[in-house]
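Chain and residue survey
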Amino acid sequence: MRTTVGIIGAGPAGLLLARLLHGAGIDSVVLESRDRAYVERRQRAGILEQGTVDVLRAAGAGERMDREGLRHDGIELRFDRKRHRVDFPALTGGRSVMVYAQTEVCKDLIALQLEEGGPLLFEAEALAVEGADTDRPRVRFRHEGAEDVLECDYVVGCDGFWGVARKAIPAEATRVFERTYPFGWLGVLADVPPSHDELVYARHDRGFALLSMRSPSVSRLYLQVPEGTDAEAWGDEEIWAELERRFETADGWTLQRGPITQKSVTPMRSFVHEPMRYGRLFLAGDAAHIVPPTGAKGLNLAVGDVVTFARALAHERRTGSADLLDAYSATCLGRVWQAERFSYDMTTLLHRAPDATPFEDRLQLARLERIASSRAAETDLAEAYTGFPFG
């Protein structure tokens, strides 16, 4: 097989890239190791920045999102039994976010790709990227029991942290920056309408809690738990009781309970791989960077990466100049590090470390009070949460 751009991974990044290239008249082939059903039910992110929403609309993938997604114009911070709402449009010149699950984004993009785009091969396992530093990189893959080769002008690895794309970059050409956190998130899905119409981020002496949602009838809730926690060790009654404690307010707000249908624990880490390009191999999304979920940045960073690549390749085809392709890594990393900074700030602002001292507890409360009382501090949070510009 031969194509212009070989895309490894049919998550939102790989699928959106294929869509953007199709719109620019550039052919691609997408290889995905899992089957379609798995991709369409894989639970991940659910908050889309303003820029991501705009890109999906422009790509023709916004119709169902606009019909079924939930526009949010703010978040609520809770601390010391108090509530403070951050008004995004008032602080950012009109920007907001959209609650629309990654599974739904993938369903929309898969349907478009199969109807209008180039080949999308499910159960096609990428085995290796070869010749990344040549003009003819190749992806070896296995599909329908046989090995094959996809010859490309460019390869984009959207295959996540454990994928093969990053492994094709020599260790001596890379730098890795990472941090692991001594806690994770116990996440639950519950068949109950959300108890608040916007996300609630709660800082409590017992640990962080987040109230989110997947739809008007399904709540998504999280509890900070020790690293390595087994989700099944928590009973449903215990989870609801702990959520109620951490969301408690002085004004008598109540948390609505319902049947818990899913439990899982998400580890917390920060990771950046530099550079994000080697020869004609480009990394995007979790293949290059991971953020703790507190800042809702993971999917949105991946979108920024593939938008940057698609624009750069279209520019090269239109003008003959490879300047934007050559700048890909630096352009993306500028945005990545701002998202890493914001995600780290949100994580350390709201989570209680296992060895936290009374001094550190008071500093957290002082930081939250500053956001609640300073328009400048509040604006910095709102601008970062609704999204950094795509470079």
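Details of the structure are given in the entry above.
Here we summarise the structure given alongside this text.

So, how was this worked out
- Residues numbered from 1 in each chain as written.
- Predicted model: local features only at pLDDT ≥ 70, side-chain atom pairs only at ≥ 80, totals over all residues.
- Heavy atoms only, no water.
- Pairing = 2+ DSSP bridges.
- Helix = DSSP H or I, 4+ residues; strand = E, 2+ residues; numbered from the N terminus.
- Axes fitted to C-alpha atoms, helices over the stretch in contact; angles between N-to-C directions.
- Buried < 20%, exposed > 50% of the residue type's maximum accessible area, 1.4 Å probe, protein only.
- Contact = heavy atoms within 4.5 Å.
- Parallel < 35°, antiparallel > 145°, perpendicular 65-115°, else oblique.
- Left-handed = near helix turned anticlockwise from the far one by under 90°.
- Nonpolar A, V, L, I, M, F, W, Y, C, P; charged D, E, K, R; others polar.
- Disulfide = S-S within 2.5 Å.
- Salt bridge = Lys/Arg side-chain N within 4 Å of Asp/Glu carboxyl O.
- Core = buried A, V, L, I, M, F, W, Y, C linked by side-chain atoms within 4.5 Å.
- Phe/Tyr/Trp six-rings, centres within 6.5 Å; stacked < 30°, edge-to-face > 60°.
- Lys NZ or Arg CZ within 6 Å of the ring centre and 35° of its normal.

Observations regarding the sheet that holds strand E11 (residues 146-151)
Taken together, three strands build an open sheet; the order of strands is E9-E10-E11 and the sheet is antiparallel. Looking along the sheet, the strands with just one partner apiece sit at the ends: strand E9 (124-130) and E11. Between one strand axis and the next, the sheet turns by 25 degrees as a mean value, whatever way the strands run. As judged from the six bridges shared by E9 and strand E10 (residues 138-143), these two strands associate in the antiparallel manner. By the bridge assignment for E10, alanine 126 is matched with phenylalanine 141.

Notes on unusual backbone geometry
What is expected of a backbone is that most residues other than glycine have negative phi and most peptide bonds are trans. The amide bond that connects glutamate 274 to the next residue, proline 275, takes the cis arrangement and shows omega of -5 degrees. Its location among the elements puts proline 275 in the loop between strand E17 (260-274) and strand E18 (277-278). A positive phi angle is found at aspartate 80, which is not glycine, with a value near 55 degrees. On the secondary structure map, aspartate 80 appears in the loop between strand E5 (74-79) and strand E6 (82-87). Positive phi outside glycine occurs at glutamate 123, with the angle close to 55 degrees. Residue placement: glutamate 123 occurs in the loop between strand E8 (120-121) and E9.

Focus: the environment of alanine 101
Positionally, alanine 101 belongs in the loop between strand E7 (97-99) and helix H6 (102-116). Here alanine 101 falls in the buried class, since its relative accessible area comes to 7%. Between the C-alpha atoms of alanine 101 and alanine 124, which are 23 residues apart in sequence, the distance is 25 Å. When residues no more than four places from it in sequence are discounted, the contact partners of alanine 101 are Ala45, Gly46 and Arg214.

Quick word on the packing of helix H8 (residues 298-319) against helix H10 (residues 328-350)
Interaxial distance between H8 and H10 falls to 10 Å at its minimum, and their mutual angle equals 160 degrees. The orientation of H8 relative to H10 falls into the category roughly antiparallel. Considering only the axes of H8 and H10, their crossing is right-handed. For the pair H8 and H10, contact is made by Asn300, Leu301, Gly304, Asp305, Thr308 and Phe309 and by Tyr328, Thr331, Cys332, Arg335, Val336 and Ala339, respectively. The residue inventory of the contact of H8 with H10, partitioned by class, reads six nonpolar, four polar and two charged.

As for the sheet that holds strand E3 (residues 47-48)
Pairing is antiparallel across the open sheet formed by three strands, whose spatial order is E3-E7-E4. The strands lining the two open edges of the sheet, one partner per strand, are E3 and strand E4 (70-72). When E3 meets E7, the two strands line up antiparallel, connected through two bridges. When the bridges of E7 are listed, leucine 48 appears paired with methionine 98.

As for the state of the cysteines
By the definition in use, this model includes zero disulfides. With no disulfide of its own, cysteine 152 has cysteine 158 as its nearest cysteine by sulfur position, at a separation of 12 Å. The thiol sulfur of cysteine 158 is not disulfide-bonded, and the nearest other cysteine sulfur, from cysteine 332, lies at 11 Å.

Regarding the pattern of salt bridges
Close approach of charged atoms lets side chains of opposite charge pair. Applying the stated criterion across every chain, the model contains 44 salt bridges. For lysine 263, the salt bridge goes to aspartate 236, with nearest N and O atoms at 2.9 Å. Taken together, the positions of lysine 263 in strand E17 and aspartate 236 in helix H7 (residues 236-247) put the pair 27 residues apart, joining distant regions of the chain. By relative accessible area, aspartate 236 is classed as partly exposed at 34%. Beyond isolated ion pairs, a larger network of salt bridges with shared partners links Glu63, Arg64, Arg67, Glu68, Glu104, Lys107 and Asp108.

A word on helix H3 (residues 50-58)
Of all the positions in H3, only Gln50, Thr52, Val53, Val55 and Leu56 are classed as buried. The positive-phi residue at the C-terminal boundary of H3 is glycine 60, with phi of around 80 degrees.

Topic: the nonpolar core
Core analysis: the largest hydrophobic core is formed by 126 residues, its most contacted members being Tyr201, Phe247, Phe309 and Tyr385. At 10 residues, the largest contribution of residues to this core is made by H8. In contact with phenylalanine 247, other than residues within four places in its own chain, are Arg78, Val200, Ala202, Ala209, Leu210, Leu211, Leu221, Trp253 and Leu255.

Re the packing of aromatic side chains
Counted according to the given criterion, the structure contains 16 aromatic pairs. Judged by centre distance (5.6 Å) and plane angle (85 degrees), the ring pair of phenylalanine 177 and tryptophan 337 falls under edge-to-face. Separated by 160 residues along the polypeptide, phenylalanine 177 in strand E13 (residues 175-190) and tryptophan 337 in helix H10 bring together distant segments of the chain. Taking the relative accessible area as the measure of exposure, phenylalanine 177 reaches 25% and is therefore partly exposed. With relative accessibility at 34%, the residue tryptophan 337 sits in the partly exposed group. With a centroid separation of 6.1 Å and an interplanar angle of 65 degrees, the aromatic rings of phenylalanine 247 and tryptophan 253 are classed as edge-to-face. Each member of the pair, phenylalanine 247 as well as tryptophan 253, carries the same accessibility label: buried. In textbook terms, an aromatic cluster arises when at least three aromatic residues are bridged by ring pairs, as seen for Phe88, Trp185, Tyr201, Phe208, Tyr222, Phe342 and Tyr385. Arginine 269 extends its terminal NZ or CZ atom over the ring of phenylalanine 161, reaching a point 4.5 Å from the ring centre.

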